[in-house]
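# Fold and geometry: a report
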Amino acid sequence: STHTPPPPMLRSLVGSEMCIRDRITIGFLLILMGIAGSFIPIIPGPIAGWFGLFVIYQSSFLNLDYFFLGITFVIAVSVFILDYIIPSIGAKKFGGSRSGVIGSTLGTIIGIIFLGPIGIIIGAFFGAFVGELFKNRSNTRIAFKAAIGTLIGYLGGIFLKLSIAIVFSIKFFK
């Protein structure tokens, strides 16, 4: 497919005065941010990655069309929304609650800070466990089971976001 320049309204979102190198650099950084956002709950990974593709599209560096951008935008937003739903589903399937999901998110952030990448898994699990215990101190078995469910849901969300980030990265480097 041939690249057609975007309409003025879309062009103004990125700035018409930016040079191609700047747009490619910004797009690449946004795609890297999308990969990081697969693991770090604070960063909206799929959305950041999509904006990376959008900025690069503005540079004519990639041969993308509006259809591809539209489909990938819908996918990015859908994955972004699902990322908030999947851990809750995992927690509820295993008897957990919103407290476990919140604990998992906080545990992930604390785990990354103190333990690095391995802290993602350890922090998510212990955060969910503590969150469940905070809600129901008397039943550690239910808290453990809910922590497992939250962790499975959380890891499912990471896998989904990372898959999207990899697709966006492949499109960039292709």
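As a starting point, this report considers the structure included with it. (Residues numbered from 1 in each chain as written. Predicted model: local features only at pLDDT ≥ 70, side-chain atom pairs only at ≥ 80, totals over all residues. Heavy atoms only, no water.)

Another point: helix α2 (residues 20-36). Taking 1.5 Å of rise per residue, the 17 residues of α2 would be expected to cover 24 Å, and the 24 Å separating its terminal C-alpha atoms lies within 8% of that figure. For α2, the full list of buried residues reads R23, I24, G27, I31 and G34. Buried residues of α2 fall within an arc of 95 degrees about the axis and therefore sit on the same side. (Helix = DSSP H or I, 4+ residues; strand = E, 2+ residues; numbered from the N terminus. Expected span 1.5 Å × (residues − 1). Buried < 20%, exposed > 50% of the residue type's maximum accessible area, 1.4 Å probe, protein only. Arc of directions from axis to C-beta.)

Glancing now at the pattern of salt bridges. The final tally for this structure, using the stated rule, is two salt bridges. R21 is the salt-bridge partner of D22, the closest N and O atoms lying 3.5 Å from each other. Between K161 and D83 there is a salt bridge; the shortest N-O distance is 3.1 Å. In this pair, K161 sits in helix α7 (residues 140-173) while D83 sits in helix α4 (residues 66-93), placing the two residues 78 residues apart along the sequence. By the burial criterion, K161 is buried, and D83 matches it. (Salt bridge = Lys/Arg side-chain N within 4 Å of Asp/Glu carboxyl O.)

So, about the nonpolar core. W50, L69 and F168 are the most contacted members of the largest nonpolar core, which totals 15 residues. Elements supplying a minimum of two residues to this core: α2, α3 (45-58), α4 and α7. If one sorts the elements of this core by residue count, α3 sits on top with six residues. Ignoring anything within four residues of it in the chain, the contact list for F168 reads I31, P46, G49, W50, L53, T72 and A76. (Core = buried A, V, L, I, M, F, W, Y, C linked by side-chain atoms within 4.5 Å. Contact = heavy atoms within 4.5 Å.)

Okay, the packing of aromatic side chains next. For the structure on display, the rule yields seven aromatic pairs. Consider the rings of F125 and F144, whose centres lie 5.5 Å apart with planes at 80 degrees: the pair is edge-to-face. Highlighted residues: F125 in helix α6 (residues 119-135) and F144 in helix α7, separated in sequence by 19 residues. By relative accessible area, which is 44% here, F144 ends up partly exposed. (Phe/Tyr/Trp six-rings, centres within 6.5 Å; stacked < 30°, edge-to-face > 60°.)

Turning to the environment of G100, a few remarks are in order. Within the secondary structure layout, G100 lies in helix α5 (residues 98-115). Since its relative accessible area comes to 0%, G100 is described here as buried. Along the chain, G100 and A146 lie 46 residues apart, while their C-alpha atoms are 7.1 Å from each other. Every residue in contact with G100, bar those within four places of it in the chain, is listed here: G127, A128, G131, E132 and T150.

A few words now on α4. Taking 1.5 Å of rise per residue, the 28 residues of α4 would be expected to cover 40 Å, and the 39 Å separating its terminal C-alpha atoms lies within 8% of that figure. D83 marks the point of greatest bend in α4, at about 35 degrees, and the proline P87 comes within the next four residues. All of the buried residues in α4 are L69, T72, A76, V79, D83, P87, G90 and A91. The secondary structure elements touched by the buried residues of α4 are α3, α5 and α7. (Bend = angle between axes of the 7 residues up to and from the residue.)

This part covers the packing of α2 against α7. Running from N to C, α2 and α7 cross one another at 155 degrees; their axes reach a closest spacing of 8 Å. Viewed along their axes, α2 and α7 adopt a mutual orientation that is roughly antiparallel. For the pair α2 and α7, the crossing hand works out as left-handed. The segment α2 lies against α7, with I24, F28, I31, G34 and I35 engaging L162, A165, F168, S169, F172 and F173. (Axes fitted to C-alpha atoms, helices over the stretch in contact; angles between N-to-C directions. Parallel < 35°, antiparallel > 145°, perpendicular 65-115°, else oblique. Left-handed = near helix turned anticlockwise from the far one by under 90°.)

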